[in-house]
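Spelled out, the chains give:
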Amino acid sequence: MTATNNNAIPRVGLSHLDHLWFQVAGTLCNLTCHHCFISCSPHNDFFGFLSLAEVKRRLEESIPLGVKEYYFTGGEPFLNPEMTDILVLTLRYGPATVLTNGTVLKDEWLVRLRAAEELSVYALEFRVSIDGFSPEVNDPIRGEGTFARAMRGVTKLVEHGFLPIITAARTWPIEREQEVVGSFCKMLQAAGYSRPRLKILPTLQLGAETGRTCGYAPEERVTTAMMEDFDQSQLICEHSRIVTDRGVQVCPILIEAPESVLGETLVESQRPFVLSHGVCWTCYQNGAICSNPSSGDKDA
Amino acid sequence: MPEHRTVALFGGIYANHLALAAALADAQRRGADAIYCLGDLGAFGPHPDKVFPLFKEHDIQSVRGNYDDSIGNERADCQCGYTDPRDNYFAELSYDYTMANTSPPNRAWLKNLPSEIRFQLGAASVLLCHGSPRKMNEFLWESTTSTQFLEYLADEHQADVICNTHTGIKWQRDLSRNRKFVNVGVLGRPENDGRPHVWYTLLSAGDSREITVEFIPVPYDHDRLAAEMRAERLPEEFIATILSGWWTTCLEVLPAKERRRGRF
């Protein structure tokens with residue numbers, strides 16, 4: 001971090017590239033969620049797909065840098081026709097996590113992916129986004145009928161032997177967290193997922209979410225004073241980068257910000273990033289919002 | 001720097017003084033010329049003060065685990081970083097019990113443990129740490145740690161063999177230039193495989209730079225440990241793990257592959 005004025009905006013360097021993300025489906029999604037932080041939709045082609053060849057090139061590039069884990073997001077990754085091949089390939093390089101809405105999964109893909117994971121020493125994690133334990137809570141955010149469709153996806157994953165991590169954005173008051181999480185688990189168990197895994201995320205006041213809430217206030221920014229005695233490894237930009245069809249960008253959340261493009265190569269992208277966005281403040285407040293619980297990134 | 005031919009490496013003890021005693025006897029029988037611990041003397045088990053005399057009697061050097069760091073510095077929690085309310089509930093019960101039952105001199109001893117230990121094993125340089133060489137509470141699971149990341153750690157920390165614990169499940173991987181990464185497992189609780197015994201690791205130097213890694217199962221009187229835990233009113237969920245070999249708590253941090261191998 002380099003700054004001297006306490007109110008100045010801090011810069012954070014990459015300590016090591018632990019997590020390499022891929023914006024593998026660009027901004028194309030079959031859903032149009034009201035809280036999506038990059039406004040993905042069936043018509044948003046602002047960012048394009050990454051091909052299997054491009055992912056392979058990046059995986060090779062990542063080896064000398066010692067990347068620990070690979071993450072795939074979109075849009076909806078499984079709209080990319082090469083997604084299954086991409087995950088099968090990635091499992092030769094390291095652990096893979098794919099963030100999906102669970103609504104387009106096909107049995108034949110899951111059979112192939114389960115077999116690939118079985119052959120690999122590495123884990124394939126599915127993170128399925130659902131935003132409430134009933135259609136009444138989920139569907140107003142994610143769209144009519146999406147709760148039932150996502151739950152069918154979860155059931156399908158479980159039937160194929162996966163243990164998906166159900167990811168929900170916290171669209172309820174924090175005081176109700178325990179009750180909501182408890183209901184969530186009961187609902188999943190009733191649906192046949194006997195040992196549900198959950199990850200609760202804060203909402204990010206970007207993209208479509210700014211219409212649902214109100215975006216960030218000017219004072220909701222990280223300052224140099226706030227970085228004193230702060231464990232910087234809690235910030236995604238301290239240990240991650242994301243490959244998009246524009247190059248290598250700082251983090252999965254800020255891809256629409258022009259200054260988030262840090263270079264064409266992974267090595268170029270290792271330069272520090274200025275935490276000038278409101279969403280950096282959310283990342284600061286919550287810590288490790290993008291990684292899996294098994295990474296141990298979340299400090300106690 | 002100390003030089004050895006055969007060393008016994010004990011992962012988290014978690015106050016399991018009965019398994020510790022059994023492992024010590026076994027390591028001596030197998031001719032270990034030094035015994036090291038990779039941290040977390042307390043947690044989970046009964047009477048945390050009972051392990052300290054064994055450490056002193058057998059001159060066991062230890063690195064500082066996250067639990068040792070928390071107890072030694074009287075921090076608010078164990079720094080395991082759970083987010084699941086159920087996991088946090090059990091983690092807190094265990095932490096409060098361990099804190100209340102670790103004497104001030106033993107807390108001070110934990111506080112002063114080093115974050116890493118290095119020694120020579122034949123021609124190989126060995127580095128012992130708790131979570132990873134860069135972060136005490138980093139989880140390095142077999143299924144979520146790429147080989148290129150381990151190569152990076154070995155380069156960065158200039159060690160031929162890096163050994164850790166923290167996750168509770170043993171594993172090893174061969175790296176380039178005869179280097180190795182070894183998670184030594186733990187003595188504190190069984191490793192979620194339905195069998196009640198626990199594990200330690202024996203590292204031996206060969207004639208060249210070759211290092212042999214042997215994972216040693218340690219049967220011990222787990223019924224007696226369960227009875228002691230019950231007498232101390234520790235949670236039945238913990239006791240069930242000691243008796244059955246299946247983990248019942250703190251499951252959220254397990255990756256899919258490791259979680260699938262367990263019952264819960």
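Since the structure is predicted, the reported quantities are computational estimates derived from the model, not experimental observations.

A. Just the pattern of salt bridges, in detail. Residue and element names in this part refer to chain A. As enumerated under the stated definition, the model contains 32 salt bridges over all chains in all. Notably, a salt bridge pairs Arg 58 with Glu 61, separated by 2.9 Å at the nearest N-O pair. With Arg 58 and Glu 61 both in helix H1 (residues 52–62), this residue pair falls 3 residues apart, about one helical turn. Between Glu 179 and Arg 176 there is a salt bridge whose closest N-O contact spans 3.1 Å. Judged by its relative accessible area of 47%, Glu 179 falls in the partly exposed class. Via salt bridges that share partners, Glu 54, Arg 57, Arg 58, Glu 61 and Glu 264 belong to a single interconnected network.

B. Region of the structure containing the environment of Ala21(B). Residues and elements named next belong to chain B. Residue placement: Ala 21 occurs in helix H1 (residues 17–29). By relative accessible area, Ala 21 is classed as partly exposed at 36%. Each C-alpha atom, one on Ala 21 and one on Val 51, is 8.7 Å from the other, the two residues being 30 residues apart in sequence.

C. Representation of the interface of chain B and chain A within the structure. The interface of chain B with chain A comprises 34 residues on the first partner and 36 residues on the second. Roughly 2700 Å² is buried in total at the junction of chain B and chain A, and carbon and sulfur atoms are behind 49% of that figure. Considering only the side of chain B, the residues that lose the most area to chain A are Gln148(B), Lys257(B) and Arg260(B), jointly responsible for 24% of the buried surface there. Taken together, the connections running from chain B to chain A amount to 3 salt bridges. Note that Arg260(B) is salt-bridged to Glu117(A), the shortest N-O span being 3.0 Å. Counting the contacts that link chain B with chain A gives 21 residue pairs in polar contact (both at pLDDT 80 or more). Taken together, the elements giving at least two residues each to the side of chain B that touches chain A come down to helix H6 (147–156) and helix H9 (256–261) of chain B. Here the residues of the side of chain B that touches chain A are counted per class, giving 12 nonpolar, 11 polar and 11 charged.

D. Fine view of the packing of aromatic side chains. Residues and elements named next belong to chain B. In the structure shown here, the tally under the stated rule is 18 aromatic pairs over all chains. An angle of 75 degrees between the planes, with centres 5.3 Å apart, marks the rings of Phe 10 and Tyr 200 as edge-to-face. Residue Phe 10 is found in strand E2 (residues 6–10), and its partner Tyr 200 is found in strand E10 (residues 198–205); the two are separated by 190 residues along the sequence. Across this residue pair, the class does not change: Phe 10 and Tyr 200 are buried. Geometry around Trp 199 places Lys 170 over its ring, the cationic atom sitting 3.8 Å from the centre.

E. Highlighting the pairing of strand E5 (residues 117–121) of chain B. All names here are of chain B. Going residue by residue along E5, you find Ile 117, Phe 119 and Leu 121 tucked away on one face and Arg 118 and Gln 120 left uncovered on the opposite face. Examined bridge by bridge, strand E1 (residues 3–4) and E5 share 2 bridges and lie parallel to one another. In the sheet register, His 4 faces E5, and the bridge partner there is Leu 121. Taken together, the 5 bridges between E5 and strand E6 (residues 124–128) define a ladder with antiparallel strand orientation. Along E6, the bridge assignment pairs Arg 118 with Leu 127. The loop that links E5 with its antiparallel partner E6 comprises 2 residues; one of these, Gly 122, has a positive phi angle of about 60 degrees.

F. The arrangement of the sheet that holds strand E4 (residues 61–62) of chain B in detail. Residue and element names in this part refer to chain B. Across the sheet, 5 strands lie side by side as E4-E3-E2-E10-E11; this open sheet has mixed pairing. What marks the edges here is a single partner per strand, and that holds for E4 and strand E11 (211–218). Pairing between E2 and strand E3 (residues 34–37): 4 bridges, direction parallel. In the sheet register, Ala 8 faces E3, and the bridge partner there is Ile 35. Along the sheet, H1 makes contact with E2, E3, E10 and E11, crossing E2 at roughly 170 degrees.

Here is what the cut-offs are and how they apply
Residues numbered from 1 in each chain as written. Chains lettered and ligands numbered in written order. Predicted model: local features only at pLDDT ≥ 70, side-chain atom pairs only at ≥ 80, totals over all residues. Heavy atoms only, no water. Salt bridge = Lys/Arg side-chain N within 4 Å of Asp/Glu carboxyl O. Helix = DSSP H or I, 4+ residues; strand = E, 2+ residues; numbered from the N terminus. Buried < 20%, exposed > 50% of the residue type's maximum accessible area, 1.4 Å probe, protein only. Contact = heavy atoms within 4.5 Å. Buried area = accessible area lost by both parts, 1.4 Å probe. Polar contact = N/O pair within 3.5 Å; in protein donor to acceptor, adjacent residues only side chain to side chain. Nonpolar A, V, L, I, M, F, W, Y, C, P; charged D, E, K, R; others polar. Phe/Tyr/Trp six-rings, centres within 6.5 Å; stacked < 30°, edge-to-face > 60°. Lys NZ or Arg CZ within 6 Å of the ring centre and 35° of its normal. Pairing = 2+ DSSP bridges. Axes fitted to C-alpha atoms, helices over the stretch in contact; angles between N-to-C directions.

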